[in-house]
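If you want the building blocks of each chain, they are given just below.
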Amino acid sequence: ALRLTGGRGGQILLLKADRRTLLRYLGEGEAIADDQEVPADAPPWVNVIREGLVGRLEFKRAGPSHAPEDCQVTLGIPLLARGDVLGILTLRDLSEVWAKHDRAPFLEALANLAAHALHNDSLYRDLLRQKEELCTLIEVSSDITASLDLDEVFKRVVRHAARLLRAQAAALMLVD
C-alpha cells in the first residue's frame, strides 16, 4: 500500500478481543512501538472502527506557507471482514493523487483483502488447535483403555488431563 500510494509510513493496528484497544501488528515508518497499545475509542480511530468508514486526517506542516503541498494527509482505513472491523490500516503522508477522496474505494478494497486474509489465518489457527486437541483426546482414550487396572487408569487420566490443560499439578478426587 505504501509503495502504491507513495506514503511515507503506515501500519496495521488490530483490535484486541476486548475491542477497546488496538495493537500494532506491523508497520513501516511509524513511531508506535510493536507492543504499544492504542485506545480504540480515542480520536481519530473511534470513527473508523465504529462506522467502518475511511477516516481522513489533514495536518499542516510547520512553516509559514499555506500551499496545498504543505498539508500532510493520513488515512485510517477499516479492515473489514464479514461485516466486522478487525482493525485499521493507516497510511501517512500520502502523495497528492492518493490523498484525494475518489481513491478511497480502491484502498478500502485493498484493506478488505488484507482483513479477509487475517480472518482466514485466524480460522486456520483455530482449526489447527482443534485438531491438536482431538488428536490428544484420541491418544488419551487409547492410552486409558489399554489398561484394566483401575488405579492405573486413574493415573493416566490425571496425567493426560494435566498435559491437555497445561497444568503443573492435577488431582482426581472420587466421591465416597
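Anything mentioned here points back to the structure above.
Definitions and limits used
Each chain carries its own residue numbering, running from 1 in the direction its sequence is written. Whole-chain, interface and lining totals are the exception, using all residues; otherwise, since this is a predicted model, local features are given only for residues with pLDDT of at least 70 and side-chain atom pairs are given and counted only at 80 or more. Working from all heavy atoms in the structure, the side-chain values ignore hydrogens and water. Helix numbers and strand numbers start at the N terminus; a helix is a DSSP run of H or I with at least 4 residues, a strand a run of E with at least 2. Here a residue-residue contact requires only that any non-hydrogen atoms of the pair lie within 4.5 Å. Using a 1.4 Å probe on the protein chains alone, a residue whose accessible area is under 20% of its type maximum counts as buried, one over 50% counts as exposed, and one in between counts as partly exposed. Note on geometry: axes are C-alpha line fits, over the in-contact stretch for helices, and angles between N-to-C directions span 0 to 180 degrees. We call two directions roughly parallel when the angle between them is under 35 degrees, roughly antiparallel when it is over 145, roughly perpendicular when it lies between 65 and 115, and oblique otherwise. Here a crossing is taken to be left-handed if its near helix is turned anticlockwise relative to the far helix by less than a right angle, and right-handed if that turn runs clockwise. Each residue gets one label: Ala, Val, Leu, Ile, Met, Phe, Trp, Tyr, Cys and Pro are nonpolar, Asp, Glu, Lys and Arg are charged, and the others, such as Gly, are polar. One fewer than the residue count of a helix, multiplied by 1.5 Å, yields its expected span. We call two strands paired when DSSP finds no fewer than two bridges between them. Salt bridges are counted wherever a side-chain nitrogen of Lys or Arg sits within 4 Å of a carboxyl oxygen of Asp or Glu.

**Considerations on the environment of Ile-49**
Link 1 in the chain: With respect to the helices, strands and loops of the structure, Ile-49 is situated in helix α2 (residues 45-51).
Link 2 in the chain: Along the sequence, Ile-49 and Ile-77 sit 28 residues apart, while their C-alpha atoms lie 9.0 Å from each other.
Link 3 in the chain: Contacts of Ile-49, omitting those with residues within four sequence positions, involve Leu-15, Leu-22, Ala-40, Val-85 and Ile-88.

**Considering unusual backbone geometry**
Link 1 in the chain: With phi around 60°, Arg-19 is a residue other than glycine that occupies positive phi space.
Link 2 in the chain: As for its position among the elements, Arg-19 is in the loop between β1 (9-15) and β2 (21-28).
Link 3 in the chain: By relative accessible area, Arg-19 is classed as partly exposed at 46%.

**Concerning the packing of helix α3 (residues 104-144) against helix α4 (residues 150-164)**
Link 1 in the chain: Contact geometry of α3 with α4 gives a least axis separation of 9 Å together with a crossing angle of 165°. Relative to α4, the element α3 is oriented roughly antiparallel. Between α3 and α4 the crossing geometry is right-handed. Residue-level inspection shows Thr-136, Leu-137, Glu-139, Val-140, Asp-143 and Ile-144 of α3 in contact with α4, the latter providing Val-153, Arg-156, Val-157, Arg-159, His-160, Arg-163 and Leu-164.
Link 2 in the chain: Considering only residue class, the contact of α3 with α4 consists of 6 nonpolar, 2 polar and 5 charged.

**A few points about α4**
Link 1 in the chain: End to end, α4 covers 21 Å across 15 residues, agreeing with the expected 21 Å (1.5 Å per residue, within 8%).
Link 2 in the chain: Along α4, the residues that are buried comprise Val-153, Arg-156, His-160 and Ala-162.
Link 3 in the chain: Tucked inside the fold, the buried residues of α4 contact α3.
Link 4 in the chain: Of the residues flanking the end of α4, it is Arg-166, one or two places downstream, whose phi is positive at about 55°.

**Quick word on the pairing of β1**
Link 1 in the chain: Most of β1 is tucked away, with 7 of its 7 residues classed as buried.
Link 2 in the chain: Here β1 shows two buried faces, one formed by Gly-9, Gln-11, Leu-13 and Leu-15 and the other by Gly-10, Ile-12 and Leu-14.
Link 3 in the chain: Pairing of β1 with strand β6 (residues 84-92), which is carried by 6 bridges, proceeds in the antiparallel orientation. Of the residues in β6, the one forming a bridge with Ile-12 is Leu-89.
Link 4 in the chain: Summarising the sheet, β1 and β2 pair through 6 bridges and their orientation is antiparallel. What sits directly across from Leu-13, in β2, is Arg-24.
Link 5 in the chain: As consecutive antiparallel partners, β1 and β2 are separated by 5 residues, and within that stretch Arg-19 has a phi angle of approximately 60°, a positive value.

**Examining the pattern of salt bridges**
Opposite charge on two side chains makes pairing possible when the charged atoms of those side chains draw close.
Link 1 in the chain: On inspection of all chains with the given rule, the structure shows 8 salt bridges.
Link 2 in the chain: For Arg-163, the salt bridge goes to Glu-139, with nearest N and O atoms at 3.4 Å. Note that Arg-163 is positioned in helix α4 and Glu-139 in helix α3, a separation of 24 residues in sequence.
Link 3 in the chain: For Glu-139, a relative accessible area of 41% corresponds to the partly exposed category.
Link 4 in the chain: The closest approach of N and O atoms between Arg-156 and Asp-143, which form a salt bridge, is 3.4 Å. Of the two residues, Arg-156 sits in helix α4 while Asp-143 sits in helix α3, which places them 13 residues apart along the sequence.
Link 5 in the chain: Taking the relative accessible area as the measure of exposure, Asp-143 reaches 23% and is therefore partly exposed.
Link 6 in the chain: Here the residues in one salt-bridge network are Asp-143, Glu-152, Arg-156 and Arg-159, joined through shared partners.

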